[in-house]
Each structure stands twice: as structure tokens, then as C-alpha cells.
Amino acid sequence: MTASLSESWERDVDNYFIGGDVFRSWRQITFVVTLGLLFGSPSIAQPEGGEVVESAVVEEVVVTGSRIRRRDLSSVSPLITIDRSELQFAGRPTIEEVLNRMPQVTPDFGRTSNNPGDGTARVNLRGLGAGRTLVLLNGRRLAPSGVGSAVDLNNLPTGLIDRVEVITGGAAAVYGADAVAGVVNFITRDDFQGLTIEGQYGVTDSGDAETRDVSVAYGVDLSEGRGHLTLFANAMERDTLLAGERAFTQTDLEDDLMGGVRPRGSFAVPELLLFAPVDLGIGPVFPIFEPDGNFRAFQNPDDRYNFAPVNYLQTPLTRFSAGLFANFALTTSAEVYAELSFANNQSEQQFAAIPATGVLTTNLDNPLLTPATRALLAENFATGDNRASVNFGRRLIEVGQRAVDRDRDYWRTVFGVRGTIWGDWGYDAWLGFTDATERELLLNDASRSRLAQGLLVDPATGGCIDPSGGCVPVNPFGAGNISPEAADFLRVGNVVNTTERTQTLAGAFITGSLLEGWAGPLEVAAGLTYRRDEGDFQADDVLSTGDTLGFRGESAISGSEDVLEVYAEAVLPLLVDQPGADYLGLEAGLRYSDYDLAGGQTTHKLGLEWAPGPNFRLRAMQQRSVRAPNLAELFAEQFIELGSATSVNQPDPCSASLDPVGNGIDDKCRLQGLTDAQLGVFEAADITPATFIRGGNPELQPETADTLTVGFVLEPERFAGWSLAVDYFEFDVEDAIGQIDPFSICFDSTNTGNVFCENIQRGPDGNIRVVSEPISNRGLLEVNGIDTQLRVSKELPRSAALGQGSADLTLTASWSHLLEYRQQENPVSRVLDCAGRFGRPCFDGEVFDGAQTFPENRVTTQAHYRAGPWSAHVTWQWIEGTDNAAPLRVAFQNLSNPIQGVPDVGSKSYVDVGIGYAFGRGAEVRLNVNNLFDTSPPLMADAVVQNNTDSGLYDVLGRSFFASFTTRFGQ
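Help me out: how do you make sense of the overall build of the chain in this one?
If you tally the helices and strands in the chain, you get 12 helices and 49 strands. Here the C-alpha radius of gyration of the chain, 30 Å, is about what a compact globule of 971 residues would show, namely 30 Å. When the backbone C-alpha atoms are referred to their principal axes, the chain occupies close to 95 × 60 × 55 Å. When contacts within the chain are restricted to residue pairs at least 6 apart in sequence, long-range pairs at least 24 apart make up 72% of them.

Next comes the structure, spelled out in C-alpha cells:
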């Protein structure tokens, strides 16, 4: 499919989405601006009579990581804040790209995630998986938009975000499940007066990959300052960029294991390739078919199919969101509030045409066969019933490029009341409801059963032997030989998956001083929450039955989970204003969660804070977190998927050429079905088609995680405006949930009990036929390292100002040093340390074989200068080089004595610059250049899953330019 996303809505597929009445992106932008102009009268922003009612100064704040109000922004757990100026000068079209620059974040799905990808934007703290990072909006959890745990950041009201607070340590005792790796809390502005319009346009140095974004916010005081109302709307469009439009990604590359790289491509070629050698008088060769239907010897790698160019390098996205935030004081001690929002996201993925593989069976008197082909099949692959069967690979270019169109709606409503009860005791209670729906349209898939039917042709009539269903004979022998009529017969009508996710959330807590202690008041918070998650995913029949050639199998997921939780936390001062202790205090918390399915679970936290003097503070926090399995992990019905169990670069370890007896794995091979007579004799086929069985697991146990942070904060008196924070962090996750790889577990030398070997089943010929890969409680997942945060905020001398007036400079530096990233397929298998590694078998801790990058050191520094109306911003990001993780693979996954073509990659630096000018208080413009020096990404070849590099961590688009503006009326 080559049409753009905007063009796609002109087609008949419109009726699959919300009655077919979906705004196109520029209509949405026009609507946003019109909304602002209609309601943009400055006078409306003032209460009647023109009197502005000043709100009371709030002396206490709530810091992410606790429900207890504090008089400063200190936190026992490490807290990182991204303020609004950084968001404005980031020059990034989506919020996840700003977060991805943080050294504590491992990039996950985003704008360069095509395959794998699903159109969402996610945040993944510490590389533990997006589903282990809890996302909050104004301190309340956001519901996922699918049946998993990960939150789509595209649903956020981006134009209203004032700052982002990130707790990079477990926080389940305060917020509940999914806060294993930490919390990302998006906090919105509540001070809009009048109309504010913001816009951004971005384009690369090559003039492509454009992005456009417009936001409108309108704020007005209510009833002489007793309340406030903010209306907002946003429209955003991101254009398509194909991998073929960048030299770095035009050709898919692989490590040749002999010290170099070569084009990888696919053995599923448009010409048709037989995966079985035949002797053509020049030794064994693999036949590939010319357009005339005859064959020749396959030339490797020249004849492989390059599938890379038609894949998206930047996935298209169209987003529209709108809503309101409101609060109103009922009395001097009670305020009601509401948050209502809607987001619609339309995204696309595009892949090369179907790579059909499996067993090709045709009748030998098929009139579509040339005499030479008929003889080849009869002499080498005849089955004795006037038919021949052989493993094959064929790229079905005649059917068209595969594409996925997604349309997501996300509705969120929160109503609450907060205020004071007596003295300093406050409360907050809310009820929230989220309804998220998705319709996924898969285009240009083909039916496996129809292909088998079309390959059997009656020599007398020239039609299908089985004419049912309008069968059309299929001639796959040679590129372009599948007729348009045959392609239409093979093509499955629009394949549609639907998802609905609802979440009901109710919560309430109180906080205040329980009693006066010897060193100060005992501050406490206590509350309860109720959450009900319901999810329903309906896979198209063609995917759940395995009758698909173009897309991965999927199955229905339907279920619900209820959890009732009670929690309490306290801050107890032990010493205040004493010699050697300006402050010494404890912070503790306890939460009990009663899950409908996972049972009762307890989490806790215990922290210590000690300030020997006014400028130095020590802090430590230990927490226990629990993550119950999500709906997809529990309720995905079992389904089958066809694929290849072995390949040229991953041979069968039970093959005689790999000496299974000498290597001591003969018992493992027997458990899989290999007989004693076959051991030492059996040689596996080069490519073995097999059935893979996947699905959820209702017997899953919750994950448990112990987290520890220990560090200090230094604010030296003689260096006013300086602060330094250094923290050691440690995460230890047990019973981590994820899909298993039975090959890696079974053949691991430490697996002396041969666990999971029976998940691999062999046929009578010895070749692997069935592989069961359920979701399971895996082994351990451990991450530890050191974070360093430096911040300098200084007012500069007048000589450093532009023109008259003052100038100030803010410098921040964030350095994360990864000591260990240890992961384990199963408690019986080896522990892999992926710190300083890239690629397989190092994955992101949640999604099997994510093949990501874990540098030992990442640094991000920023400088922000402001003088009068001028401002300037510089960001420098440094990513240390890493080593290829391939040597960590189980022995059978590596050929004998391989020489890595890409043994390591070097360090990379990125510099972004920006300049801004404010026209009084009414308008501001900003210009940004990202990747100023056009730094290219490192080559990782097939160690990673797409684009020859880690396209989330490294910039694959090149130098980019962004222009943005802010205009205010009525302030």
C-alpha cells in the first residue's frame, strides 16, 4: 500500500471507523484554530466587574512518590523534573521523544517503530519494560488503551503539560501495581487565562518526515475567582518516511559471521525458491524460478529479496484531542474538580509483500508447469500420488504490500472533590472512567488454504481440481506469474481486529498531622482505591485459525480483573535542628491489594533521610513492588502460528553435523522425539517449517520486585544555585512475566533437568514440527547502577545580557552509569549480563526478543540562557559504545567459532540547539535544530530487529529543523 494516511480515509475503509466520519488532519487543525477564535475574546477571561481574584498561596505541595504534602520539593526517592521550558525547546513532535533523551529511559515504541510497532508511544524506565512503568496524569493512573499494561502517551493532553516528574524507583506502595520501575507523572497547567495558541512545524534536512502540531487552550475564571475552567484542543499530523529514502536503511544487512556484513534479505523471493537442494549436474543447488517458469541455481546472497525499502522509517500518525479541566470551590474547605478528555489516534504500518513459506504441494500434471519444472518435481519431490511436495519460499508481490491501519478512540473522565477537614488535614476523593476502543485493519493478507487449493489444477479443464469458493489456479513459479484473478482469490478481504478496554477507578485518601512528636509532627496519608479493568480483543478468524500468510497469528482475549487496595504512609521526624542533624526522619508505607485473580499482595516502602547540615542530605529507600499479570498475559486464548524453527544462522542442535552426543545434549533431543537410531545420523533441513503454539497463561503468578536507592543531595552554601544528587539504584524482579524461548532454555548447559525440552516436538523424520512458547514466569531480571544529577541556576552579570536588563543561565546534567543488567530466560538457565551490550539475546525485560541496547553510560546535558526577550537552549546527549550481545547466545545459536562482523559500535553524540524571542507577554517564537552535526546511527546489522540499528535510541532521520510559536490573548 503506497497511499498516505490522509489518502487512506478517502477509500471505502472509512466505514470501518466511527461511522466513516473522521476528520482529516488539516480539517482538525482548522477546527482547533476556529474554536480558539470563536471563544478568544479577552474580556471573557476576567470575572464580572473586571476584578481579578487572586488565589491563595499554597504553602504545601504534593511531590510524586508520596501522597503526603510537603513544604519543599525534596523526595527520599530520586525525583527528576522536566519543566515546561525544556518541553518547548525540545523540538520533538511527540512527548516520548523528550523522555527518551533521559539516560534513565530505554526507548520503546515510538515514531520509528514500524516492525515491531503498533502506532503507540510508550515510556520504558530502566529498560524493565513499558508495562512496568506506571504513568500518571495529575497523580492519578492512566489506563492502557489495549489489553496489556503499557500506556499510550499519544492520549495525553500535550498542550496542557506544565512539567513531568519522574520517580526512577519502585513506587507500588504509593500507587499500586505496574510501578515496578518507577512512575512518570504528567502535571497539567491550571493557570490559563484567555486564549493560548501554540504550533510547531518540523522537517528534516532532506525536506521530508514533516510534522505539524497545533494546540489551543482557553482559560477563564468562574464566579469571581471561585473556580477555573480550561478548554483545550490539539491536532497533530506526522508524515510518512520510507526506509528506502535513507541510504543507511535502504538495504537490510546481516552479520556474515566471518568478520563482515552483507545484504540479508529474505529467502521468500518473488521468483519462488525451493528450500531443498537438488543435483543439477553441478552439485546440490537450490532451484529458483525465472519468469518463464523454468529454474536455475539460487545465488546467495544476490538473489535474496530486499524487503527494507518499503517499510516505514517514520510511521504516519494523525492525532486529535480535546477536553476540559475545571475546578470550583463549593465552600472555603471543599472544591470539586473534573477532567474530561478525548483522543483519536490514526496510525499506519507498512511492510513488504507477503513472505509465503511452508509446504508447496501440486499435481505433477498441472498444466501451469513447464516440462522442465514438472521433471524436477517428479524426480526429486514426488509423493507417489501424482503429486509433489517441497518446502518453499515465495514473495507474493502480486497481492500487494501489507499494511495496517489503526484507529483508536480514548475517552477519560474524572470527577472529584478535595479540601480540608480540620486543621491541616486534607482529603481527595475521585471517580474515574476510561473507555478505549481500537479498530485495526490489516490489508493485503492472503489465505494459506486458498494457496494450497489453487496449486492443484485439473489438466483437462485448466481450472482448480476443487473449484469451491471461486478458486482460481495459482502459478507461483516465477515473478509476476500469479495472475490478477489469482491474486484476488488469494487475498483475504479486509482483516479486522477490534479491541475495547475499560477501566473504572475510584480512590480517596486523607493526609495531615496525626500527632506532635518530639521532633515535629508525624505526617501521614491513608487511603483506599478500587480498580476494575475489563478488556476484550477480538482477532479476525483468519489470524486465530492460522490460515494467514501475511500476518502473525493472534487470538481472542477477554477478561476482567478487580482489585481493592488500602494503603498508608507516614513521615516521622526523629531529629530536627540538632548538632549533626538538621533533619533526620523516616518515611514508611504499606499497601495491601486484594486482586480478584492474583489474590492478596502486600507492598511496602521504608526510607531514611538525614541532613547533617543545611546543605547536605543523605537519602535511602527500600521498596517491595508487585505486578499482577495483565489481561493479555492471563486471558489470550491459545493460537497457532506457522514459521521456521531453524535457519542457516540458527541450525538444529540435534543435527549430526553438530554432534549432539558429543555435546551431551542427546537426552534433550530424545525428549523432543528423536529416536536412538536417528541420533548421530539425522541431519535437519536447512529451513524447517513448524507450528508455533502461543497464548496466555491463567496460572501465572504475580511478579515481585525489590528496589533500593541510596544517595545524597549536595547544595553547597558557597556555590549558591548549585545542586548535585548522586544515587545508587538497584532493581531485583523475580518471576518476571514474559513469553519463553524453549530453545534457549532446553539447550542451555545449566538446564540439567531438561526443563521445557518437551515444548519442542519432532516429526518422524526428526525435523522440528511443533514449538510451544507460552507466557510464563521467567527467571530473574536485575538492574543496578548509579545516577548523577547536576543543576546550576545562576543570575549572570549585566555584561552577559543582551541589551539592557538581566540574564540568567540554567545548566543541567544527567548521567546514568549502568553497572549490571542481568536477565534470565528461566530459573534453570544461565543469567546474562547485558550491561554494555546491544542486540539479541538482550531484550527489554517485558517483550521477548526486543533486542535493545543497554549502554553502560549515557549523559544528557542542557544549557538554557534567558536575557530579556531572548532565550537560547543547547542539549548534548552522549551514548557510550556497546558490544554485540551475540556471544551471550546459547551455544547452538552460534556457528562454530564465528567472527562477528559488528563486534561493537562506537559512542555517539547528538547536539540540539534552539533560540527563542518573546514579543512581550503576548507571543513567542522558537527555532530549533536537532542533531546539528547530522550524526549517523551506528551499524548493528541483524543484531537488532529493524533499520540496521536501534532506531529508538539513535537518530535515523538526520538533521531536523523545528519552528514553534506561542500566542496569547487576554492575559
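Sorry, what's going on with the environment of R619 here?
Take R619: it is sitting in strand β29 (residues 616-627). According to the relative accessible area criterion, R619 is buried, its value standing at 8%. Remark: the alpha-carbon pair of R619 and P827, spanning 208 residues in sequence, is separated by 33 Å. Not counting the four nearest positions on each side in its chain, R619 is found in contact with S75, V76, S77, P78, L608, T709, V710, G711, V713, A725 and D727. Side-chain polar atoms of R619 contact the backbone oxygen of S75, separated by 3.1 Å. Only 2.7 Å separates the side chain of R619 from the side chain of D727, close enough to count as a polar contact.

What is the right way to read the nonpolar core from this model?
As a rule of thumb, soluble globular proteins bury nonpolar side chains together. Core analysis: the biggest nonpolar cluster contains 51 residues, and L99, L153, V164, V184 and F186 have the highest contact counts within it. For this core, the secondary structure elements donating two or more residues are β3 (79-83), α4 (95-100), β4 (133-137), β6 (161-167), β7 (182-188), β33 (722-734), β38 (781-796) and β39 (807-824). If you look at the next biggest cluster of nonpolar residues, it comprises 33 residues, including L360, C464, A487 and L549.

Sorry if this is basic, but what is going on with unusual backbone geometry here?
Of all residues except glycine, most have a negative phi; of all peptide bonds, most are trans. Here the amide bond leading from N115 into P116 is cis, since omega sits at 10°, within 30 degrees of zero. Tracing the sequence through the fold places P116 in the loop between α4 and β4. Residue P301 follows N300 across a cis peptide bond; omega there is 10°. By the element assignment, P301 lies in the loop between β18 (295-297) and β19 (312-314). Residues other than glycine seldom take positive phi values, yet L257 does so here, at roughly 60°. The residue L257 is located in the loop between β12 (253-255) and β13 (261-263) in this model. For L257, a relative accessible area of 18% puts it in the buried group.

Whenever I open this one, the sheet that holds strand β30 (residues 639-644) confuses me. Can you help?
Strand-to-strand pairing in sheets goes through backbone hydrogen bonds, with the strands running parallel or antiparallel. A sheet is described by the order of its strands in space; here 4 strands give the open sequence β30-β31-β36-β35, paired in mixed fashion. Of all strands in the sheet, those bounded by a partner on one side alone are β30 and β35 (760-762). Each neighbouring strand pair of the sheet contributes to a mean axis angle of 25°, computed without reference to strand direction. The pairing of β30 with strand β31 (residues 689-694) spans 6 bridges and is classified as antiparallel. Within β31, the residue paired with I640 across the bridge is I693.

How should I be thinking about helix α6 (residues 371-381) in this particular structure?
The periodicity of an α-helix, 3.6 residues per turn, causes residues three or four positions apart to be oriented the same way. Burial in α6 covers these residues: T373, L376, L377 and F381. Along the long axis of α6, the arc covered by the buried residues comes to 90°, so they all point the same way. Exposed residues pointing more than 90 degrees away from the buried face of α6 are listed as P371 and E379. Packing partners of the buried residues in α6 comprise β14 (273-274), β15 (278-279), β17 (287-289), β18, β21 (334-363) and β22 (387-420).

Can you walk me through the environment of A620 in this structure?
Following the sequence through the fold, A620 ends up in strand β29. Sequence separation between A620 and Q761 is 141 residues, and the spatial gap between their C-alpha atoms is 50 Å. When near neighbours in sequence (up to four residues on either side) are disregarded, A620 contacts V76, L606, G607, L608, T709 and V710.

How should the sheet that holds strand β46 (residues 904-905) be read in this particular structure?
Ordered in space as β42-β41-β45-β46, the 4 strands form an open sheet in which the pairing is mixed. Only two strands of the sheet have a single neighbouring strand rather than two, namely β42 (853-854) and β46. Here 2 bridges tie strand β41 (residues 837-838) to β42, and the two strands are oriented antiparallel to one another. The residue bridging R837 from the neighbouring strand is F854, located in β42.

When you look at the confidence of the model for the chain in this model, what are you seeing that I'm missing?
If pLDDT is low for a region, its predicted coordinates should not be looked at in detail. Of the residues in the chain, 91% reach a pLDDT of 70 or more, and the chain-wide mean stands at 89. Scored below 50 in pLDDT, residues 1-58 shows 96 contacts in the model against residues more than four places distant or in partner chains.

Calculation criteria
- Residues numbered from 1 in each chain as written.
- Predicted model: local features only at pLDDT ≥ 70, side-chain atom pairs only at ≥ 80, totals over all residues.
- Heavy atoms only, no water.
- Helix = DSSP H or I, 4+ residues; strand = E, 2+ residues; numbered from the N terminus.
- Rg over C-alpha atoms; globule rule 2.2 N^0.38 Å.
- Contact = heavy atoms within 4.5 Å.
- Buried < 20%, exposed > 50% of the residue type's maximum accessible area, 1.4 Å probe, protein only.
- Polar contact = N/O pair within 3.5 Å; in protein donor to acceptor, adjacent residues only side chain to side chain.
- Core = buried A, V, L, I, M, F, W, Y, C linked by side-chain atoms within 4.5 Å.
- Pairing = 2+ DSSP bridges.
- Axes fitted to C-alpha atoms, helices over the stretch in contact; angles between N-to-C directions.
- Arc of directions from axis to C-beta.
- pLDDT = per-residue confidence, 0-100.

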